[in-house]
Amino acid sequence: MKKALKTLFFAGCAIAAASFVSCGKNKEEQAALDPSQPVELTIWTHEDQNRTELEQQLIKEFQQDNPNITVNYVTYPSGKIKDILVAGFAANQGPDIFNIEINDEYPFVINGRVAPVDVVAAGFKNQKELVASYMDKMLDPVTMDGKVYGLPLELTNWCIYLNKKIFKDAGLDPEKDAPKTWEDIVAVSKKIAIHDGEIITRRGFDFRYPYYLISWVPMVEQLGGKLVSDDGKKAIINDEAWLTALRYMKDFGPSGENLGSPTYTAARKIFDNNQNEIAMSLSGLYQEQRMASTNPSFFNSDEWMVIPYPQWKNAKQTVPCHYYGHYYMVNAQKSAAQRTAAWKLLGFMLSHSEEYLKKVAIVQPTKALFESDTFKEMPYSEVFKKDLESGSIVYYAENSPKIDSLLKNAVESVMLSGTSPETALADLRKNVQAVLDEE
């Protein structure tokens, strides 16, 4: 979805950006490679205790080998860092290095606010070697006009965790009866679900509410539908695909088969408990580390497995759950010395992908990680790898949060409020189109 997006806060920075571009190659760039000159860097990132510990240790190691570079590592709450970052850039006081989710980072790329990767400083011979070091398509969201503008901190896709014990308790064979299609999901869930009146006390499966762009739009795409036309101008392509997916949600929810609902505790939060509450849950590879921490006996048992994201029986194309994530980027306004040092630091930090996976459960989509014993030894990592390889990035644009909210309204209105799929679709088209027309 690479198109020109209007962002007010960038307008105030246009002059400064132009000034930077006009600098060209000069003595400052030569000084960037001079290890005798002191350089100070600031990183802004979201809070994550385990990642903070790892990255601060890596920064310490980096500074030991690069004593002229000082690094200030600052964390902010995940829900606040975007606004803080926008304010910082608007005041021309943004950090040297930052990361937020790709749909929020993308405007920084298209508005010239971030610097292309200095491939040599980052530890590569050239850009060809950089691109070749990552799995296919993983750098596409941060590539523009032939240049790469960010390096992945993490990219995550979801598959289905399955509780074998609950399957067996419902008279199902977890290997033979594991659902492959959305139709299978309903059939299996009806056999597993236990109700106390209208209340579900044991669910077979439930969706990953409210992440509709990531985990529900792929259902529409499997049937040939699209959220936005290829030229980015028209909303909601292929009505029948959308209506089929909306009817499915209506039948799945409280007014239909009553198999799940956004009103219940999120499936991923209770799956690891192994308390006969949920048989299947959408989550990422990172869930394994959480399970190992919160319920090691269940993690170390043979009572769970991971299966691919389902497809429709009559799917027109295979579409796994979309992947999403964060890229580290470098502020284009900073000096050449700071930019060079920043990419050198990031190249060093992100070369430790196995440590990120072991200690933080973060998946950096490098070929080296996917070929490592660390990755291969994680249970069912191959399932995630296959879905990731055939998948695509979540819709990313400045308007992503608005559209995700509109999707939530559409889906939950048919599940909880009795709205017809036809009415929900008409409203969704009108509202998404209005968002697109704002640009």
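Residues numbered from 1 in each chain as written. Predicted model: local features only at pLDDT ≥ 70, side-chain atom pairs only at ≥ 80, totals over all residues. Heavy atoms only, no water.

1. Side note on helix α22 (residues 421-437)
And step 1. In this model α22 runs 24 Å from its N-terminal to its C-terminal C-alpha over 17 residues, within 8% of the 24 Å that 1.5 Å per residue would give.
And step 2. Taken as a whole, α22 has its buried residues at P421, A424, L425, L428, V432, V435 and L436. Down the axis, α22 shows its buried residues gathered within 95° of arc, on one side only. Residues of α22 that are exposed and point over 90 degrees away from its buried face: K430 and D437.
And step 3. Those residues of α22 hidden inside the fold are in contact with β10 (226-228), β11 (235-237), α12 (239-252) and α21 (400-416). (Helix = DSSP H or I, 4+ residues; strand = E, 2+ residues; numbered from the N terminus. Expected span 1.5 Å × (residues − 1). Buried < 20%, exposed > 50% of the residue type's maximum accessible area, 1.4 Å probe, protein only. Arc of directions from axis to C-beta. Contact = heavy atoms within 4.5 Å.)

2. Overview of the sheet that holds strand β13 (residues 304-307)
And step 1. Strand order in the open sheet formed by five strands is β8-β9-β12-β7-β13, and the pairing between neighbours is mixed. In this open sheet, the two edge strands, each paired with only one partner strand, are β8 (194-196) and β13. When strand polarity is set aside, the average angle formed by the axes of neighbouring strands in this sheet is 30°.
And step 2. Sheet analysis places strand β7 (residues 159-163) next to β13, joined by four bridges and oriented antiparallel. The residue of β13 that forms the bridge with L162 is M305. (Pairing = 2+ DSSP bridges. Axes fitted to C-alpha atoms, helices over the stretch in contact; angles between N-to-C directions.)

3. Observations concerning the packing of aromatic side chains
And step 1. Per the stated rule, a full pass over the model turns up 28 aromatic pairs.
And step 2. Both rings, one in W44 and one in Y76, keep their centres 5.5 Å apart while their planes meet at 75°; by these two values the pair is edge-to-face. Here Y76 lies in strand β2 (residues 69-76) and W44 lies in strand β1 (residues 39-46), a separation of 32 residues in the sequence.
And step 3. Under the relative-accessibility criterion, W44 is labelled buried at 12%. (Phe/Tyr/Trp six-rings, centres within 6.5 Å; stacked < 30°, edge-to-face > 60°.)

4. Details of the confidence of the model for the chain
And step 1. Of all residues in the chain, 92% have pLDDT values of 70 or greater, and the mean over the chain is 92.
And step 2. Scored below 50 in pLDDT, residues 1-27 makes 48 contacts in the model with residues more than four places away or belonging to other chains. (pLDDT = per-residue confidence, 0-100.)

5. Here's the deal with unusual backbone geometry
And step 1. P210 follows Y209 through a cis peptide bond whose omega is -5°.
And step 2. Checked against the element boundaries, P210 lands in the loop between β9 (199-206) and α10 (212-215).
And step 3. Although it is not a glycine, I236 adopts a positive phi angle of roughly 60°.
And step 4. Mapped onto the fold, I236 is located in strand β11.

6. Details of the nonpolar core
And step 1. The biggest cluster of nonpolar side chains holds 141 residues, and the ones touching the most others in it are W216 and L407.
And step 2. Among residues more than four places away in sequence, those in contact with L407 are Y212, L213, W216, V217, L227, W242 and L428. (Core = buried A, V, L, I, M, F, W, Y, C linked by side-chain atoms within 4.5 Å.)

7. A few points about the side chain of N331
And step 1. For N331, the position within the fold is in the loop between β14 (324-330) and α16 (336-350).
And step 2. Among the residues examined, N331 registers a relative accessible area of 2% and is labelled buried.
And step 3. Ignoring sequence-local partners within four residues, the contact set of N331 consists of F89, G94, P95, D96, R113, A115 and R339.

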